[in-house]
Amino acid sequence: MKARTRAIIGVSIMSAVLVLYFVFVGIRAVALLGSGDAIAIVMGVAMLVLPLIGAWALLREILFGSQATRLADRLEAENALPEEPVSARPSGRPDRADADAAFPKYRDAVEAQPESWRAWMRLGIVYDACGDRKRARSAIRQAIAFERQDLRA
């Protein structure tokens, strides 16, 4: 089974469990709101607001994943994905020397074309392969933003 398929199945299962949780919390929140006790009403309101925030965060993450996958698919179709392999240690962590060797090419491409979604996406993919999730997400967000600008132009 491909990694992408496993990820989609995992996200689907977690989303379904979260929606089920929201339903049960919503039922409990409505019961608290109907109790007439001030503290219970405040708790009921909080129990309605917090799942809404959770649903917003879930939708935002699903949208990010969908957009990132779409851009990665476009790069793959163009045969433009990063090709530098980053080996992993037995623990699963990326080899630091391989990671350090992979960055300059993609960082230089971003500096040469700072508004290229392709350059940002490749940099994000390399960051992700090297285990730097924070920078990977930031670079991929930049890629998504620049790709949107390209579509509007």
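Our structure is the block above this text.
Residues numbered from 1 in each chain as written. Predicted model: local features only at pLDDT ≥ 70, side-chain atom pairs only at ≥ 80, totals over all residues. Heavy atoms only, no water.

Asker: Could you give an account of the nonpolar core, naming the residues involved and the relevant values?
Answerer: Counting 25 residues, the largest nonpolar core has Phe103, Trp117, Trp120, Met121 and Leu123 as the members making the most contacts within it. When residues of this core are traced back to their parent elements, those giving at least two are α2 (38-77), α3 (96-112), α4 (117-129) and α5 (133-152). Top element by residues in this core is α4. It accounts for seven residues. (Core = buried A, V, L, I, M, F, W, Y, C linked by side-chain atoms within 4.5 Å. Buried < 20%, exposed > 50% of the residue type's maximum accessible area, 1.4 Å probe, protein only. Helix = DSSP H or I, 4+ residues; strand = E, 2+ residues; numbered from the N terminus.)

Asker: I'd like to hear about the layout of surface pockets, residue by residue, with values.
Answerer: In this approach, a probe sized like a water molecule rolls over the atoms, and the result shows the empty space that is left. Of the volumes computed, that of the largest pocket is approximately 700 Å³. As for the largest pocket, its lining consists of 24 residues, and the residues nearest its centre are Ala72, Met121, Ile125, Asp128 and Ile140. Counting only elements with at least two residues in the lining of the largest pocket, the list comes to α2, α4 and α5. The element that contributes the greatest number of residues to the lining of the largest pocket is α2, accounting for eight residues. In terms of residue class, the lining of the largest pocket is built from 13 nonpolar, two polar and nine charged. By volume, the second largest pocket amounts to about 450 Å³. (1 Å grid on protein atoms, 1.4 Å probe; cavity = no way out; pocket = protein on both sides within 12 Å on 5 of 7 lines; lining within 4 Å. Points joined across faces, edges and corners; volume = space filled by probe spheres on them. Nonpolar A, V, L, I, M, F, W, Y, C, P; charged D, E, K, R; others polar.)

Asker: Which residues make up the pattern of salt bridges, and what values do they have?
Answerer: Taken as a whole, this structure holds six salt bridges when the rule is applied. In this structure, Arg70 engages Glu147 in a salt bridge whose closest nitrogen and oxygen atoms are separated by 2.9 Å. With a gap of 77 residues between them, Arg70 in helix α2 and Glu147 in helix α5 connect regions that are remote in the sequence. For Arg70, a relative accessible area of 36% corresponds to the partly exposed category. With a shortest N-O distance of 3.5 Å, Arg135 and Asp132 are connected by a salt bridge. The network of salt bridges with common partners includes Arg70, Arg74 and Glu147. (Salt bridge = Lys/Arg side-chain N within 4 Å of Asp/Glu carboxyl O.)

Asker: Report on the side chain of Ser15, specifying residues and quantitative values.
Answerer: On the secondary structure map, Ser15 appears in helix α1 (residues 3-33). By relative accessible area, Ser15 is classed as buried at 13%. Setting aside chain neighbours within four positions, we find Ser15 in contact with Leu58 and Ile62. (Contact = heavy atoms within 4.5 Å.)

These values are about where atoms sit, not about what they do.
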